[in-house]
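One letter stands for each residue in the lines below.
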Amino acid sequence: MTECVIEADGVELCTESFGGPSDPPVLLIMGTGASMLWWEEGFCRMLAGSGRFVIRYDHRDTGRSVTYEPGRPEYTASDLVGDATRVLDAYEISAAHVVGVSAGGAFAQLLALEHADRVLSLVLISTSSAVPGDRELPPPTEEFMRFVSSAQVEWSDAESVIEYLVAYAVMLAGGRRPFDETAARSLVRRDVERAHDFAAARNHDVLADGALPQAPLSSIAVPTLVIHGTADPMFPLGHGEALAQQIPDSTLLALPNAGHGVEQADWPTIVPAILEHTSADHAG
């Protein structure tokens, strides 16, 4: 397990792998504004320990990947989708099981639509449809909207950023079960201190779409596992239910009282589900 900075098309991306390269590959795609640290090491090791070759990576403008001037990203959302293929190419992997959380789940859908030959299966966690649809989906909770509209942060002050991100993590957890704020604070601090320029992560909020595929989700042709917390304040459960209804070969796993993200309390449920989903018997 070592970090490895790859370069493709003039772009440097920091990656890290777990397990043996001869095992089935699992590519983890985090949400926007978040580095690969949010795929926690213990989670990656659980998957790798059961015979998967697990790869996580920093998006552009997060962690130790290429960083641009805040407010002036030189790339699009389409480029972030393409970065997944760049990582696979660097590891000489023709196709992988792709696991995405939040916006990373949207990227995973777009990857399956645009580069179907690179995707063996999908696992979509705490996410919503990546392409326009005609379904009415439930809005974020009032508590979530109050937080994002009123929270104050000074992006040039690391301590202010840390306090904001910890409060955001508390909000995303959904409030229905105990929250380990100490662990969250430790992870956030490591994330902020590790980044080339943490303020650059805000670039993800102002990206142009670029050339994104517009095909319907019904054209996704790989086995898909949708995992969604019943207390997700950003994308209430209806978003996960809609995904499972629109993608043909899909299954919904609802996590009682879970919020938004991959919480450690749910690893004993999520990891076996991913292992089963990515097994030769299931995916083959």
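Conventions used here
Residues numbered from 1 in each chain as written. Predicted model: local features only at pLDDT ≥ 70, side-chain atom pairs only at ≥ 80, totals over all residues. Heavy atoms only, no water. Buried < 20%, exposed > 50% of the residue type's maximum accessible area, 1.4 Å probe, protein only. Helix = DSSP H or I, 4+ residues; strand = E, 2+ residues; numbered from the N terminus. Pairing = 2+ DSSP bridges. Expected span 1.5 Å × (residues − 1). Contact = heavy atoms within 4.5 Å. Polar contact = N/O pair within 3.5 Å; in protein donor to acceptor, adjacent residues only side chain to side chain. Phe/Tyr/Trp six-rings, centres within 6.5 Å; stacked < 30°, edge-to-face > 60°. Core = buried A, V, L, I, M, F, W, Y, C linked by side-chain atoms within 4.5 Å.

## A few points about the pairing of strand 2 (residues 11-18)
Consideration 1: Counting buried positions over the 8 residues of strand 2 gives 7, a clear majority of the element.
Consideration 2: Counted between consecutive antiparallel strands, the loop separating strand 1 (residues 3-8) from strand 2 contains 2 residues, among which aspartate 9 sits at a positive phi close to 55°.
Consideration 3: Pairing of strand 2 with strand 4 (residues 53-57) involves 4 bridges; the strand directions are antiparallel. Within strand 4, the position partnered with phenylalanine 18 by the bridge is valine 54.

## Comments concerning helix 2 (residues 77-90)
Consideration 1: With 14 residues, helix 2 should cover 20 Å at 1.5 Å per step; its first-to-last C-alpha distance of 20 Å lies within 8% of that length.
Consideration 2: In terms of burial, helix 2 is a largely internal element, 11 of the 14 residues being buried.
Consideration 3: Restricting attention to buried positions, one finds in helix 2 the residues Ala77, Ser78, Leu80, Val81, Gly82, Asp83, Ala84, Thr85, Arg86, Val87 and Leu88.
Consideration 4: If you follow the buried residues of helix 2, they end up packed against strand 1, strand 2, strand 3 (25-29), strand 4, strand 5 (96-101) and helix 3 (103-114).
Consideration 5: Where helix 2 begins, the capping side chain belongs to threonine 76, and its oxygen is found 3.3 Å from the backbone nitrogen of serine 78.
Consideration 6: Of the residues trailing helix 2, glutamate 92 is marked for its positive phi of about 55°.

## Focus on the packing of aromatic side chains
Consideration 1: Counting across every chain of the model gives 10 aromatic pairs.
Consideration 2: In textbook terms, an aromatic cluster arises when at least three aromatic residues are bridged by ring pairs, as seen for Phe144, Phe147, Trp155, Tyr164, Tyr168 and Phe198.

## Brief notes about the environment of serine 186
Consideration 1: Here serine 186 is to be found in helix 6 (residues 181-194).
Consideration 2: With a relative accessible area of 40%, serine 186 lands in the partly exposed category.
Consideration 3: Taking the C-alpha atoms as reference points, serine 186 and isoleucine 162, separated by 24 residues in sequence, lie 9.5 Å from one another.

## Section: the nonpolar core
Consideration 1: Of all hydrophobic cores here, the largest spans 38 residues; its most connected members are Leu27, Ile29, Val87, Val98, Val119, Leu122 and Ile220.
Consideration 2: Listing elements by their share of this core, those giving two or more residues are strand 2, strand 3, strand 4, helix 2, strand 5, helix 3, strand 6 (119-125) and helix 7 (237-246).
Consideration 3: Residue contributions to this core peak at 6 residues, all from helix 3.
Consideration 4: Sequence-distant contacts of isoleucine 220, defined by excluding residues within four places in its chain, comprise Gln109, Ala112, Leu113, Leu122, Ile247 and Pro248.
Consideration 5: Membership of the second largest hydrophobic core comes to 26 residues, among which are Met30, Ala34, Leu47 and Leu275.

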